[in-house]
Amino acid sequence: MAGTDSGNLKTVRLWRDAALRARKLRSNLRQLTLSSAGGCPGTDQLDSPDAPQLLLPANIGDIEVLNLGNNGLEEVPDGLGSALGSLRVLVLRRNRFAQLPQAVAELGHHLTELDVSHNRLSVLGAEAVGALRELRKLNLSHNQLPALPAQLGALVHLEELDVSFNRLAHLPDSFAGLSRLRTLDVDHNQLTAFPRQLLQLVALEELDVSSNRLRGLPEDISALRALKILWLSGAELGTLPSGFCELASLESLMLDNNGLRALPAQFSRLQRLKMLNLSSNLLEEFPAALLPLAGLEELYLSRNQLTSVPCLISGLGRLLTLWLDNNRIRYLPDSIVELTGLEELVLQGNQIAVLPDNFGQLSRVGLWKIKDNPLIQPPYEVCMKGIPYIAAYQKELAHSQPAVQPRLKLLLMGQKAAGKTLLRHCLTEDRVEGKLGGGGQEKTYPPSPPPGSKGIEVTSWTADASRGLRFIVYDLAGDERYEVIQPFFLSPGALYVLVVNLATYEPLRFPTTVGSFLHRVGARVPHAVVCIVGTHADLCGEQELEEKCLDIHRQIALQEKHDAEGLSRLAQVVDEALARDFELRSASPHAAYYGVSDKNLRRRKAHFQYLLNHRLQILSPVLPVSCRDPRQLQRLRDKLLSVAEHREIFPNLHRVLPRSWQVLEELHFQPPQAQRLWLSWWDSARLGLQAGLTEDRLQSALSYLHESGKLLYFEDSPALKEHVFHNLSRLIDILNVFFQRDPSLLLHKLLLGTSGEAEAEGRAESSPLMAPPAPSQDALRATQLHHYVEGFLLHGLLPAHVIRLLLKPHVQAQQDLQLLLELLEKMGLCYCLNKAKGKPLNGSTAWYKFPCYVQNEVPHAEAWINGTNLAGQSFVAEQLQIEYSFPFTFPPGLFARYSVQINNHVVHRSDGKLQIFAYRGKVPVVVSYRPAKGVLQPDTLSIASHASLPNIWTAWQAITPLVEELNVLLQEWPGLHYTVHILCSKCLKRGSPNPHAFPGL
């Protein structure tokens, strides 16, 4: 998504630097900046029928620089020109002038710089232009000019001219007389050919003719020998003439978004070229003419059709930036590691499986993008961590034998009672319901999971012993209470099996049984591979079975079509907004993408394109299965194996690891450490030594095991970085305890825990003279524990000592409990309610809040939202509210996790199931989640504050860290479509049910 913007970043910087050099006002000039009467211009002022009146000081004869920009002016006072006898620079940008004011002509004999950009000029008066005979700089951009007057060519002192974003179809012949012109910008006009008048401008150093339909360049463009910066982006060029290669002074060249298939052989003559952008063309081969350009520092070849990179690229020794993303490159030459000066290397969206040896030599690379490649050596998880981790991997591979681990993560998803658990048992234990597989002894199995199912479970399944192919099977509980933790298990490179109970399936239930799960997986893991399995096929008739499978298939296709068409329409709206001038987009708050910059629009367009290009890979047809039929089960096993072994679908199955990393993983799961809940860093270091890993090489191995989901190691957390959580099965069992909402079961666990402690105390303090505890004490204890359970299920509150009781026998020592609570907080599942930031509790009881358990809809501060303070008195303030809208799916558990993440930023908080009221310092903030009430309505999450108008910046300061925390969480959902808007303060103050929303891109 960021490729388009970042690719142009440095070229934009070059142009901006040139513009700043041209536009800066001399520090020794006497300057005056004026706003119109009535203060700063705003919406009310712009909507006023009366044009703003300009108030000028009495003595202005000595002013040399006058800035009247951003005032909404349609005219200037009569006689202004004669009064400004010393004026040299006049700025009239962002006003409403339809023609040049008379004052411009009056000032012409001494004016050197004039800026009338961002106005409504449709014509330039010949008299006014002719009078500007001393002008050196003229900015007419962002107007509505269909033509330029011939008198413009008489401005013989003109050095810089900007007429971009107008409606010019041609330039006057007199343009050839601008012999001193050094900078010319005519981009975003309606030129249909390269203006030949420009060929006479021999002093021209910077030229931008982008976004015109030139369709070609003249052979004698070589006449522009002084040209240093040339922009030809989006000019519909198919070829370059040989004369183009005579522009020997060129340093920066933009040729992106054209139709170039090759470069002329003489292109290598451009030896002064430092920056070249050839992105978004039709190049199938790396242009050989680029290889002799030894001075090249920036090269952009994104979004072409390249299949390889030549070995001789190492000759570009001064290269700092290389963008090769979104091509078809299958491998990189070994010589690329010789480009040791590289600072930016972007390779995402290709077909690269193996990186060259010694890739770690590219140690200066700071901007590194490699995702969306079928990486196996190094594995994807290593590459995503960056060049230092790749270097560590390759160093380790040189020390150790390579090892291939054919292992794949398989996730069973679906509604409760879909048949996931029984299907898992039948697949992984090679059995059918009612008997053992392979003709073994008869044994009856229940047709559904037994009561008290553990929730989320993990099983290792050796699917093909001859090749050592193993599936790590995650059985994700279908109960809604587990939704907050399910996303942690959805990861790239896994095979997703969506289980549907065909016996109970009905077409009207498709959105809840199939559609919502597909949306969830697609949002978390774009381009994921999904297999649909229908269970309980034996309970359906043959025709019924066929009809239900066909209906699921049909509705999946309809949902995908609907989503893709919706995204295409949204992308089209962005295209239409980009086609309009920024000034036009900003003219009305009702315009699409009002006030949004081109840069942010391009980012939005790139994201839509990413979503369209990374749809789910849904395998068809639906596979009906009965756990009573061994043939159907074997067919499903064969299907899963064939999909897993498809190298293009699951390249990670063939990833190559250093043997030492594989041994380290195995050692973590061998007795005696296998039974422990966690290991210290030094425990893992000792295992590392057994695997042949010295301490300095252990970090990268643990990092890989963490990224690939084998264990948890948080190297960025001060509280957790000294520990390794290797026993994921026990951790999942602990999570299952917290998300078991059966009050009787929770109470039973607590009573068992307390009875165990009582027995231990009794044994320790036993005496013939001591009597056993009175029954009333047991009853009192049970009553107290019952209150704790009620508080947990209603308000999500538990004290630490009760949590310890719940987690027996998983947690024995206090250190285990503290580490576990730190881990749960890191995962966003709970937070400590009464512990000040960075301070110990000094012996008081620690209380923990689990937001996903809060049952009351809103906190007690609901009145604040409705326009009153907590005392019930109304107030007058400006409300600031940022709203996130989720039209397709709302990430499960997002609001609960967000509630935890913001805890370090707020105080005096009050939580509801759908709302949080808190303070940032003394500034109130409210976070609200509103579920969709219908199919056509989106889910929304809003962050709000309020302050008086003079202090509105305090509201912005209050909500900014909360917005940043939400954006961090949303980055975990790369396939999610959402929008951000700022709601109109006036509409909120009026209590409008549908306040106007300004784009917040």
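Just above sits the structure.
About the cut-offs
Residues numbered from 1 in each chain as written. Predicted model: local features only at pLDDT ≥ 70, side-chain atom pairs only at ≥ 80, totals over all residues. Heavy atoms only, no water. Helix = DSSP H or I, 4+ residues; strand = E, 2+ residues; numbered from the N terminus. Contact = heavy atoms within 4.5 Å. Salt bridge = Lys/Arg side-chain N within 4 Å of Asp/Glu carboxyl O. Buried < 20%, exposed > 50% of the residue type's maximum accessible area, 1.4 Å probe, protein only. Axes fitted to C-alpha atoms, helices over the stretch in contact; angles between N-to-C directions. Parallel < 35°, antiparallel > 145°, perpendicular 65-115°, else oblique. Left-handed = near helix turned anticlockwise from the far one by under 90°. Nonpolar A, V, L, I, M, F, W, Y, C, P; charged D, E, K, R; others polar. Pairing = 2+ DSSP bridges. Expected span 1.5 Å × (residues − 1). Phe/Tyr/Trp six-rings, centres within 6.5 Å; stacked < 30°, edge-to-face > 60°. Lys NZ or Arg CZ within 6 Å of the ring centre and 35° of its normal. Disulfide = S-S within 2.5 Å.

Caption draft 1: Geometry of the overall build of the protein. From N to C terminus, the protein includes 26 helices and 37 strands. For the protein, long-range pairs separated by at least 24 residues make up 54% of all intrachain contacts whose partners lie at least 6 apart in sequence.

Caption draft 2: Spotlight on the pattern of salt bridges. On inspection of all chains with the given rule, the structure shows 31 salt bridges. A salt bridge links R520 to E483, with the nearest nitrogen and oxygen atoms 3.3 Å apart. Of the two residues, R520 is situated in helix α10 (residues 510-524) and E483 in the loop between β21 (469-475) and β22 (494-501); the sequence distance between them amounts to 37 residues. A residue is classified by how much of its surface remains accessible, and R520, at 11% relative accessible area, is buried.

Caption draft 3: Molecular detail of the packing of helix α15 (residues 659-668) against helix α16 (residues 681-690). Running from amino to carboxyl end, α15 crosses α16 at an angle of 130 degrees, the nearest separation of the two axes being 9 Å. Accordingly, the angle class assigned to the pair α15 and α16 is oblique. α15 and α16 meet at a crossing whose hand is right-handed. Residue-level contacts link L664, L667 and H668 of α15 to S684, L687, G688 and Q690 of α16. Of the residues assigned to the contact of α15 with α16, the class counts are three nonpolar, four polar and no charged.

Caption draft 4: Here's a closer look at the sheet that holds strand β37 (residues 997-999). Pairing is antiparallel in the open sheet, where seven strands are placed in the order β32-β33-β34-β35-β31-β36-β37. At either end of the open sheet lies a strand with only one pairing partner, and these are β32 (907-911) and β37. For this sheet, the mean inter-axis angle between neighbouring strands, taken without regard to orientation, is 20 degrees. Relative to strand β34 (residues 923-930), strand β33 (residues 915-920) runs antiparallel, the two being bridged by six bridges. The partner of Q915 across the bridge, within β34, is S928. Against the sheet, helix α25 (residues 952-970) engages β31 (878-886), β33, β34, β35 (939-947) and β36 (979-983), with an angle of about 155 degrees to β35.

Caption draft 5: Region of interest: helix α8 (residues 387-399). For α8, which comprises 13 residues, the first-to-last C-alpha distance of 18 Å matches the rise-based estimate of 18 Å (1.5 Å per residue) to within 8%. On the buried face of α8, the contacting elements are β15 (367-369), α7 (380-383), β16 (402-404), β25 (656-658), α15 and α17 (695-707).

Caption draft 6: View of unusual backbone geometry. In this structure, P378 follows Q377 across a cis peptide bond, with omega equal to 0 degrees. Structurally, the position occupied by P378 is in the loop between β15 and α7. With an omega of 0 degrees, the peptide bond between P671 and P672 qualifies as cis. Residue position: P672 is located in the loop between α15 and β26 (679-680). For S211, which is not glycine, the phi torsion reads 55 degrees and is therefore positive. Looking at the secondary structure, you find S211 in the loop between β8 (206-208) and β9 (229-231).

Caption draft 7: Broad picture of the sheet that holds strand β30 (residues 847-849). One open sheet holds the three strands; their spatial order is β28-β30-β29, and the pairing between them is antiparallel. Either end of the sheet is taken by a strand with one partner, and the two such strands are β28 (797-799) and β29 (831-832). Strand direction decides the pairing type here: β28 and β30, joined by three bridges, are antiparallel. Bridge pairing in β30 links L797 to K849.

Caption draft 8: Up close: the pairing of β34. Along β34, seven of the eight residues are buried, which leaves the element largely enclosed by surrounding structure. What sits between β33 and β34 in their antiparallel hairpin is a turn of two residues, with G921 showing a positive phi close to 70 degrees. Note that β34 and β35 share six bridges and pair antiparallel. Of the residues in β35, the one forming a bridge with S928 is S942.

Caption draft 9: Seen up close, the packing of aromatic side chains. This model, assessed by the stated rule, comprises 20 aromatic pairs. Where Y482 meets F739, the ring centres are 6.3 Å apart and the plane angle is 40 degrees; that geometry is what we call tilted. Here Y482, found in the loop between β21 and β22, pairs with F739, found in the loop between α18 (728-738) and α19 (743-764); they are 257 residues apart in sequence, far enough to count as distant. Clustering of aromatic rings is evident, with ring pairs tying together Y482, F738, F739, F792, F850 and Y853. The ring of Y474 carries the charged tip of K409 above its face, separated from the ring centre by 4.9 Å. In this arrangement the basic side chain of R524 is found over the ring face of W973, its NZ or CZ atom lying 4.8 Å from the centre.

Caption draft 10: Fine view of α16. Along α16, the residues classified as buried are W681, D683, S684, A685, L687 and G688. For α16, the secondary structure elements touched by its buried residues are α15, β26, α17 and β27 (723-724). Looking one or two residues past α16, G692 carries a phi angle of roughly 90 degrees, positive in sign.

Caption draft 11: The arrangement of the environment of V202 in detail. Topologically, V202 is positioned in the loop between β7 (183-185) and β8. Given the relative accessible area of 53%, V202 is considered exposed. The sequence separation of V202 and L181 amounts to 21 residues, and the corresponding C-alpha distance is 8.4 Å. Each residue touching V202, except ones within four places of it in the same chain, is listed here: A223 and A226.

Caption draft 12: Representation of the pairing of strand β20 (residues 457-464) within the structure. Looking at chain direction, β20 and β21 are connected through seven bridges and run antiparallel. Counterpart to S460 in the pairing with β21 is I472. The turn linking β20 back onto β21 is made up of four residues, and G468 within it adopts a positive phi angle of 70 degrees.

Caption draft 13: Focus on the state of the cysteines. Scanning the entire structure with this criterion turns up zero disulfides. Its sulfur unpaired, C549 is 8.2 Å from the next cysteine sulfur, which belongs to C540. Note on C987: no disulfide assigned, nearest cysteine sulfur contributed by C984 at a separation of 3.6 Å.

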